[in-house]
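Listed below, chain by chain, are the residues.
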Amino acid sequence: MLKDTYCGDLRAADTGRTVRLAGWVHRRRDHGGLIFIDLRDSHGLVQAVFDPGNAAAHEVAHRARSEWVLAIEGTVQPRSPATVNRNIPTGEVEVIPTRCEVLAESETPPFYINEPVEVDETLRLKYRYLDLRRPDVARTIRLRHEVVRYIRDFLAGRGFVEVETPTLIKSTPEGARDFLVPSRMRPGHFFALPQSPQILKQLLMVAGFEKYFQIARCYRDEDFRANRVAEHTQLDLEMSFVDESDVMGLIEELYAGIAREFGPGPQSSPFPRLDYADCMARFGIDRPDLRYGLEFASIAEPLRSSSFQVFASALAAGGEIKAIRVPSKADMTRREIDELTEIARGGGAKGLATIGLLPGGEVRSPIAKFLTGGELRGVSTLAGAAEGDMLLIVADTREVVAASLHRVRDALGDRLGLKTPGVLSFAWVTGFPLLEWRPEEDRWDATHNPFSGFRPEDRELLDSDPGRVVARQYDLTLNGAEIGGGSVRISNRADQEKVLGLMKYTREQMQDRFGVVLDSLEFGAPPMGGVGMGIDRLLMSLAGTENIRDVIAFPKASSGLDPLMGAPSPVDVGQLDELGLRVVTDVEPV
RNA sequence: GGCCCCGUGGUGUAGCGGCCUAACAUGCCACCCUGUCAAGGUGGAGAUCGGCGGUUCGAAUCCGCUCGGGGUCGCCA
């Protein structure tokens, strides 16, 4: 090694030591005589002081520029009390070089490495190897390593076996779009990259491993979002001889531990458990942000016979009327109300009714003239409103009320500063329907995954009313994001075929797409259940970022392209020939 | 694919019809400077305003198209 000590590790206790350091010039302060260089390495930075007395070293320090790589041999000495820097961990000491060598010079970097300034993302990604030098960026990637190591240690300590599964598997057309890989051995045939190792881990259970996990890369060829990329990493896990509580208990212990080790701990422990229907009624979404309240109140009852047409017709059509009570915001500005109305419209609502209960009993509301005093009082009571509060109301179908008020609640969370950074608010959601109806395709479809089990007591409903069958499914949410989910699986062939049949698969299609699973269930499949947990989203919350690219070392841009490697790219005709492929370019008519 | 926002020296921003021969900060280069730590001082180089086309006597500024980026809806079993 060219170094025997990390810059960032030096402390007062190292005083008097002779050390060999190597790292990057973080910052240079040239006083003409004295030159200070902050030398940075993977552990942090330390100040080196070059005196003209050591002419050779001083000359190097004079020439050196930002991001040059230096090797320094010197002695650690305490700083005089007046020059101690309390702002950095190494601030009590400095290094007096006896020797200084340039290992590499550097161009001026295209953006600041020594200051946490927002830089254009394309530029950051193109020079990701420089971006990753920035301490804040690097810290997040290191955090990722620590969290994954914690997960591995935790699971290995409980008898789980980490098994790798293939990244070239069979394509299944349902669900997200697959990334395809052409086969040279069988031209015209394709592998797909896995959207998850779901089938393979179930086979591992049939194989008798009993406890499996993997830090698995998963691929989906869909458009990106702030918290969604084409390739994400999940903790994939499966257990045999378990029910819901076993898996949920294990994951809760793991995640509460992570929250304590790498953050302030979970906001509530044990994690709150919400029923899907209850959740939709109170928050309009199956992954509510529980860092704040602003729950919905149903205020339909007093309005049953209202003369206000909007309310009356919504109820007559079987819809709902719900309100969010915003404490002490009766004085909300016209502009704020207009913006929230626009947000509500985004969820399908035709408008947003507001009732401001001004102090003193006056009511500020464009719809007050349509409501009787009794109706207003009834609404206020149901919403739990007091003087000074503002009520935001949507009347429409159940779906529109949920979608619209969810957006309003989410926007209020941002605007009122209720999404406290750093707080880790976990919650389980259970009680999901197993199937949802796809009218345009005239069939049922799995709400989560086709292997999810169902409550035994709902068996009859599979024939009579499939939409009411409840899945043995559990999702874990964190601060309003779904960070994972899983289920107890179907573990016998008849039940699995029954469910696939409701999804309108023919015998042939079942055998073609799910034959492996179905066949395996005939050879002694244990009861099994597991989860797939999104590692990237978990890291986002732990690192306090809204951008998933921040937690990935080499991410794609939101366009799905890679500015660093320049991928994707055209390939040689020869490569295509071997694969039996020809590129057809669509030419737009001029 | 739809919609919204952004694109000005290396970086981050200002300018939003003539005052722009494009401003500020920082970075960069040179010199001065022995205790700074976002060192300080003096001087200097550096952008025709993403690209193309149009409107106008005149365009960084207005319009259209296009490219790139970010967000969002669709999509994501």
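Residues numbered from 1 in each chain as written. Chains lettered and ligands numbered in written order. Predicted model: local features only at pLDDT ≥ 70, side-chain atom pairs only at ≥ 80, totals over all residues. Heavy atoms only, no water.

A. The arrangement of the overall build of chain A in detail. Helices and strands together make up the secondary structure of chain A, namely 16 helices and 22 strands. Taken along its principal axes, the extent of the C-alpha atoms in chain A is 95 × 75 × 65 Å. Each of the 590 residues in chain A was classed as buried or not, and the buried ones make up 47%. Considering only contacts within chain A whose residues lie at least 6 apart along the sequence, 67% involve residues at least 24 apart. Of the accessible surface of chain A, which amounts to about 29,400 Å², a share of 52% is contributed by carbon and sulfur atoms. (Helix = DSSP H or I, 4+ residues; strand = E, 2+ residues; numbered from the N terminus. Buried < 20%, exposed > 50% of the residue type's maximum accessible area, 1.4 Å probe, protein only. Contact = heavy atoms within 4.5 Å. Areas by Shrake-Rupley, 256 points an atom, 1.4 Å probe, with all protein chains shown as cover.)

B. Geometry of empty space enclosed by the protein. Under the criterion given, the structure shown has 1 cavity of 30 Å³ or more. Taken as a whole, the largest cavity encloses approximately 40 Å³ of empty space. Forming the walls of the largest cavity are Lys329, Met332, Glu336, Leu340, Leu412, Arg415 and Leu416. Elements that contribute at least two residues to the lining of the largest cavity include exactly helix 9 (334–346) and helix 11 (398–415). Taken together, the residues of the lining of the largest cavity sort by class into 4 nonpolar, no polar and 3 charged. (1 Å grid on protein atoms, 1.4 Å probe; cavity = no way out; pocket = protein on both sides within 12 Å on 5 of 7 lines; lining within 4 Å. Points joined across faces, edges and corners; volume = space filled by probe spheres on them. Nonpolar A, V, L, I, M, F, W, Y, C, P; charged D, E, K, R; others polar.)

C. Representation of the layout of surface pockets within the structure. Quantified by volume, the second largest pocket comes out at close to 1,100 Å³. For the lining of the second largest pocket, the elements supplying multiple residues, two or more each, are strand 1 (18–30), strand 2 (35–41), strand 3 (44–50), helix 2 (121–126) and helix 4 (135–156). If one sorts the elements of the lining of the second largest pocket by residue count, helix 4 sits on top with 8 residues. In terms of residue class, the lining of the second largest pocket is made up of 14 nonpolar, 11 polar and 12 charged.

D. Here's a closer look at helix 7 (residues 276–283). N-capping of helix 7 is provided by aspartate 275, with a side-chain oxygen placed 3.1 Å from the backbone N of alanine 277. Just past helix 7, the residue glycine 284 takes up positive phi, approximately 75°. (Polar contact = N/O pair within 3.5 Å; in protein donor to acceptor, adjacent residues only side chain to side chain.)

E. View of the pairing of strand 20 (residues 473–478). In terms of burial, strand 20 is largely enclosed, as 6 of its 6 residues are buried. By the alternation rule, side chains of strand 20 split into Gln473, Asp475 and Thr477 and Tyr474, Leu476 and Leu478, which are all buried. Note that strand 17 (residues 426–430) and strand 20 share 5 bridges and pair antiparallel. In the sheet register, tryptophan 428 faces strand 20, and the bridge partner there is leucine 476. Between strand 20 and strand 21 (residues 481–488), which pair antiparallel one after the other, the connecting turn spans 2 residues, and asparagine 479 there sits at a positive phi close to 50°. (Pairing = 2+ DSSP bridges.)

F. The protein's contact with RNA strand B, seen in detail. Taken together, 44 residues lie near RNA strand B, and Arg27, Thr83, Glu94, Tyr112 and Ser558 sit nearest. Contact between RNA strand B and tyrosine 112: a sugar or linking oxygen at 2.4 Å from a side-chain N or O atom of the residue. A distance of 2.9 Å separates a phosphate oxygen of RNA strand B from a polar side-chain atom of serine 559. Considering every element that reaches the surface near RNA strand B, the biggest residue donor is strand 1, with 3 residues. Partitioning the surface near RNA strand B into residue classes produces 13 nonpolar, 14 polar and 17 charged. (Near = heavy atom within 4 Å.)

G. Geometry of unusual backbone geometry. With omega at 0°, the peptide bond leading from serine 269 into proline 270 counts as cis. Proline 568 follows alanine 567 through a cis peptide bond whose omega is -5°. Within the secondary structure, proline 568 is located in the loop between helix 15 (535–543) and helix 16 (573–579). One non-glycine residue, glutamate 67, lies in positive phi territory at about 75°.

H. Representation of the sheet that holds strand 20 in the model. The 8 strands are arranged 6-9-10-22-21-20-17-11 in an open sheet whose pairing can be described as mixed. Strand pairing shows two members of the sheet lacking a second neighbour, strand 6 (161–162) and strand 11 (273–275), which therefore form its edges. The strands that helix 7 touches are strand 11 and strand 17; relative to strand 11, the one it contacts most, it runs at about 85°. (Axes fitted to C-alpha atoms, helices over the stretch in contact; angles between N-to-C directions.)

I. Representation of the sheet that holds strand 16 (residues 390–396) in the model. Taken in spatial order, the 5 strands line up as 12-13-16-14-15 in an open sheet, and their pairing is antiparallel. Every other strand in the sheet has two partners, leaving strand 12 (296–298) and strand 15 (363–364) as the edge strands with one partner each. The pairing of strand 12 with strand 13 (residues 320–326) spans 3 bridges and is antiparallel. Bridge assignment links phenylalanine 296 to a residue of strand 13, and that residue is isoleucine 324. Helix 8 (residues 309–316) rests against strand 13, strand 14 (353–357) and strand 16 of the sheet, and its axis sits at about 50° to strand 16.

J. Structural detail: the side chain of aspartate 562. Inspection of the secondary structure assignment puts aspartate 562 in the loop between helix 15 and helix 16. Despite its burial, aspartate 562 remains without a salt bridge, the nearest opposite charge being carried by lysine 556 at 4.4 Å. At 2.9 Å, the side chain of aspartate 562 forms a polar contact with the backbone nitrogen of leucine 564. Only 3.2 Å separates the side chain of aspartate 562 from the backbone nitrogen of methionine 565, close enough to count as a polar contact. (Lys, Arg positive; Asp, Glu negative; His and termini not counted. Salt bridge = Lys/Arg side-chain N within 4 Å of Asp/Glu carboxyl O.)

K. Quick look at the side chain of threonine 477. By secondary structure assignment, the location of threonine 477 is in strand 20. Excluding anything up to four places from it in sequence, threonine 477 contacts Asp286, Arg287, Pro288, Ser425, Phe426, Ala427, Val429, Glu482 and Ile483.

L. Structural view of the environment of valine 379. Mapped onto the elements of the fold, valine 379 is located in helix 10 (residues 373–383). For valine 379 and alanine 323, which are 56 residues apart along the polypeptide, the C-alpha to C-alpha distance reads 8.8 Å. Beyond its immediate stretch of four places on either side in the chain, valine 379 contacts Ile299, Pro302, Leu303, Ile355 and Leu391.

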